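Secondary and tertiary structure notes
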Amino acid sequence: MLKSVIKMEFEPKLVGFLCKWCSSAGADLAGVSRRSYPSNLVPITVNCSGRIDVSHVIRAFRDGADGVLVSGCHPGDCHYTSGNYKAWRRVALLKHVLEDFGMNPDRVKLEWISATEGDKFAQTVKEFTKEIKELGPGPYSNVKERE
Amino acid sequence: MASKPRIGVFICHCGENIAGTVDVTGLAERIIDYDDVTFSTDYEYMCSDPGQNKIKEAIEEEDLNGVIVAACSPSMHEETFRSAVEEAGLNRYRCEIANIREQCSWVHDGDGSKPTEKALRIIKGAVEKVKRNIPMEPVEREHSDKCLVIGGGVAGIQAALDVAEAGNEVVLVEKEPTIGGHMAQLSETFPTLDCSQCILTPKMVEVNQHPNIELMAYSEVKDVSGYIGNYSVQIENKPTYVDPDACNLCGDCEDVCPVNVQDEFNQGLTSRKAISIPFAQAIPSSYTLDEEACLGLNPLRCSKCADVCDADAVDFDQSSKFIEEEFGAIIVATGYDLYPKEKMGEYGYGQYEDVIDGLQFERLLSATGPTRGEVRRPSDGKVPKDVVFVQCSGSRDPENHNSYCSKICCMYTAKHAKLYKESVPDGNAYVFYIDIRAGGKDYEEFIQEVQEEDRVLYLKGKVSKLKKVDGKLRVWGMDEIAGERMEIDADLVVLAQSIIPSSEAKDTSRKLNLNLGQNGFYKEAHPKLRPVESLTGGVFFAGAGQGPKDIPDTVSQGSGAAAKAIEMLSKPTLTHDPQVVEVDEDLCSGCGLCISQCPYDALEVNSRGVAEVNEILCEGCGTCASGCPTNALSLKNLTDEQLTEMIHAQIGD
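Residues numbered from 1 in each chain as written. Chains lettered and ligands numbered in written order. Predicted model: local features only at pLDDT ≥ 70, side-chain atom pairs only at ≥ 80, totals over all residues. Heavy atoms only, no water.

**Things to note about the overall build of chain B**
Helices and strands together make up the secondary structure of chain B, namely 17 helices and 34 strands. Once the C-alpha set of chain B is aligned to its principal axes, its extents read approximately 85 × 70 × 40 Å. Classification of the 653 residues of chain B by burial places 56% in the buried group. Counting only contacts in chain B whose residues sit at least 6 apart along the sequence, the fraction spanning at least 24 positions is 69%. (Helix = DSSP H or I, 4+ residues; strand = E, 2+ residues; numbered from the N terminus. Buried < 20%, exposed > 50% of the residue type's maximum accessible area, 1.4 Å probe, protein only. Contact = heavy atoms within 4.5 Å.)

What follows is the structure in C-alpha cells.
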C-alpha cells in the first residue's frame, strides 16, 4: 500500500463584521463584479462598525475564529457620521489588550472599505486569509492542523 | 419569540447564479436538522410570484413564525420578501435575508463544497438572528413641506421649478451672485444649436417670479442637522453691499470703480470691476460688490461707487445674514468644475495664453462674450486660422489624470469646431480624439455633419506635447488611421478639459452625510434603479455633481429629483425605521457616556437619572449600545445576544 502523507493546508476561520452602508455594499460590489476571493471569511453585516464591541471580537475568538475583520466606512464617510471612529478606537484598544494576553494583535484587522471598493474588499479578504494562514491557528482554534 | 421558534428556510437557486456554485438542494436537506428550523426548501427563483407564494403557503401550512430567504443581497429583495411575509400575517421583521449570492456564490469557485459550507454558516447565523427578532412597527412622524435646493444651475433651476409647481415651498441656494450656472456661459447647445442663454434665462426669470420659490443667491449652506423630513439648515446670505430692490442697473458704479479683477463669468478672458454684475440677464438682477477686491469698504479710502449711485443702493454696512429653516427634502445640484489647468502642463495650459479650455472657447463664441461672438484669440486679438481641438484632456488617462470619460466633450468639441468654421470659413479646424462618443438623440448625425459638411479634420490619436515654435503653437500628435505622426502649427488650441465635481461637493457631502464615489462625484443609492436618491433619506441628486452629464440629462435628473422630493413631501406623515436603541432602566447607571457617543443627540439622562432614547432622532447605528459600560442599551433586533449567537453559529463547528 502506498503510504503517503498529505499535508492539508491550514484553512483559517475568519469572521468579518461589515457595516451595512459601506463595507457590506463593497462586498456586494465584489460579488457583482465577480472578484473572487477565499471563502474562509464569513460575513456578519451590522448597521455600523460602531456597533462592534470588543466583546464581539473576543467572542469570535472564543468560538474558534482564527482572525477577525472589522470593516467600516472611510473616515469622514460614516453613514452615521462617526461610528467608524468609535470602531477605530475600540479596535486599537483591543489590539493592546490582546497583546497583553499573549495574542498576536494582527489577528484583528480594521479596514475602511467603501461601497465602491469591491476590488479592495476582495483584496482585503485575500490578504487577510493569507496573513492568518501564516500565523497559524488562533488560541481557541477548532481547526486542527492535520497531516 | 414568545412561542417556540418555527423557522422556515427558503433557498434560492437564482437560476444558475447561486445553484451553479452552491449545492442548494444539499443545503435545504442539511439546514432542516438545525435547531428551530422546521421547514426548508429550495426553488429556482424565490423572488418570482410562485417563489413568494411558496413562502406564504409554508407560513400558513407549517405554522412558521420566522423566515430566512437565502438569496441575493438584502439591498435587492429584502423589501420584496418582508412584504410577502407580511401578507402572510407575520411581522416583517420575522424575515431575514441570508446573502449567499453577492457575498458567496459569485465570489467563490472550486468544487462547490467550500461555497456550500460558507452558505450554510451564513444561513445558520441568519436563523439565530431571526428567531430573536422582535416584531416592530414603523414609527410615524411629522415632516416639513419645504424643499431646499442647493445649486442654481440648470439642474437646480429645473428641480426648484418642478417642486414649486407641485405646491411646495422651495428655497434655492446659489453661491454665486446669480443663478444660471455653467449653462449661462455657453454659446449654443448641441446638437440643435439653440442659443444657451436664450433658452435658460426665461427659466431664471421664472424662478425669480415664482411665488413658491425663495431665491437666496450669494449664499451658502453652513450647517445641516436633523433627518429625513426634518432637516434644520443654517444658510449664510453673504453681503452684496448693494440693495437689489434699489439697484436700477444703470452701471454708473462699475464705470467709476478703480479696481480690475479677473472676470469669472468670462473664465478670466476679461476683467471686471470690484462692483459688477456677472451678465446682463443675471438673476437676482443687481450689482454685487466683491469685498475681497474692493479697496476696503471704507468710505475714507474709496467710496466712488456709493457716491455715484443715484439710487442710493450701495450700502457698505451690510453684513452676513444667517437664516435657519426647516426642510423636509434637500436636492443637491452643486454641478461641476473643469479639471484644473495647472495639471495640464504637457499641453502648455496655463503657460501659453492661446491654449484655452472649452468654457473659455464658449465665451469667445458667445454673443455676450468678450469678443461679441467673433473668434479672436486671447493673446493678440487676431482671428486664428488654424485651431486644434484636443479631446479627452485630463479624461480617460488613468496614469496621469482622470480615468473616467467626461461624456460631453466629444459633442461640445464638434459644436466648437462647427461654430468656428461658421465664424471663420477659411480657417482650419483639427480635432484630436481617442474615440467619438455620440450616444444621444441626434448626436451621431451632428458629428457626421461636422465631419462631412463643415470640413473639420478629425484625427484619431492623442496629442503628445505642445510647444511654442516661431510664434505658433506646435502640436505633436498621432493620426493612427493614417499611421503618421502629425505636427500642426496652430494659432489657438482648445482643450476639452475633463469634468470634475464642483469644489463644494466634498463639503456638501460632509454636511449632509453623503457618500462620494472614487472620482469624487456623489454616489447614488443604486446606480441603476435609484439614480437620483442618496443613501441619506430625503436627500436627492440633480445634475453633474452626481456624474458628468449633458443638458438634457441634467434637466431630466432635475425633474427626477423633484418628483422624488414631491413624492416624499406629499405624504401626510413619514415613517421612521423602528430599529432603534432601547434602554434597560434596571441596568442603566445614568453615567451619560452614551450621550457623547450618539451623533444624533438622541439620548439624554432623564429626571429619573436613567438614559432615555428619542426614537425619532435615533438612527439605529448601535454605537451607544457597544459603548455602554453596563450593557443597559441595546439595539433592537441586533442585540448583543443576537450577535453572540450569530458569531457562534457562523464560526463554531
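**Digging into the pairing of strand 3 (residues 67-72) of chain A**
Residue and element names in this part refer to chain A. Counting buried positions along strand 3 gives six out of six residues, so the element sits mostly inside the fold. Neither face of strand 3 is left uncovered, since the one carrying G67, L69 and S71 and the one carrying V68, V70 and G72 both have all their residues buried. Both strand 1 (residues 14-19) and strand 3 contribute to a ladder of five bridges, which runs parallel. Considered in strand 3, the bridge of G16 is made with L69. Where strand 3 and strand 4 (residues 108-112) come together, five bridges link them in parallel fashion. Opposite V68, over in strand 4, you have V108 as the bridge partner. Note on the crossover from strand 3 through helix 3 (residues 83-100) to strand 4: the handedness is right-handed. (Pairing = 2+ DSSP bridges. Right-handed = clockwise from strand over helix to strand, strands pointing away.)

**Some remarks on a negative patch on the surface**
Residue and element names in this part refer to chain B. Residues D243, D245, D315 and D317 make up a contiguous surface patch of negative charge. Mapping D245 onto the fold places it in the loop between strand 12 (230-237) and helix 8 (252-256). In this structure D245 comes out as exposed when scored by relative accessible area, which is 74%. (Patch = residues over 30% accessible without salt bridge, like charges linked within 9 Å, V, L, I, M, F, W, Y side chains within 5 Å. Areas by Shrake-Rupley, 256 points an atom, 1.4 Å probe, with all protein chains shown as cover. Salt bridge = Lys/Arg side-chain N within 4 Å of Asp/Glu carboxyl O. Lys, Arg positive; Asp, Glu negative; His and termini not counted. Charge placed at Lys NZ, Arg CZ, Asp CG, Glu CD.)

**Comments concerning the domain arrangement of chain B**
Residue and element names in this part refer to chain B. Domain boundaries assigned for chain B yield domain 1 (7-138), domain 2 (147-238 + 321-335 + 502-569), domain 3 (252-308), domain 4 (338-500) and domain 5 (580-635). Computed from C-alpha atoms alone, the centre-to-centre distance between domain 3 and domain 4 is 32 Å. At the interface, five residues of domain 3 touch eight residues of domain 4. Surface buried jointly by domain 3 and domain 4 totals about 610 Å² across both partners, of which 67% is contributed by carbon and sulfur atoms. Looking only at domain 3, the three residues that lose the most surface to domain 4 are N266, Q267 and L269, adding up to 76% of its buried area. Our enumeration of links across domain 3 and domain 4 arrives at zero salt bridges. (Domains from an automatic or database assignment. Buried area = accessible area lost by both parts, 1.4 Å probe.)

**Topic: the packing of aromatic side chains**
Residues and elements named next belong to chain A. If you walk through the whole model with that rule in mind, you get eleven aromatic pairs over all chains. Centroid distance Y85 to W88: 6.2 Å. Interplanar angle 15 degrees. Geometry classified as stacked. Taken together, the positions of Y85 and W88, both in helix 3 and three residues apart, correspond to about one turn of that helix. A relative accessible area of 35% means that Y85 is categorised as partly exposed. Looking at W88, the relative accessible area reads 41%, which means it is partly exposed. (Phe/Tyr/Trp six-rings, centres within 6.5 Å; stacked < 30°, edge-to-face > 60°.)

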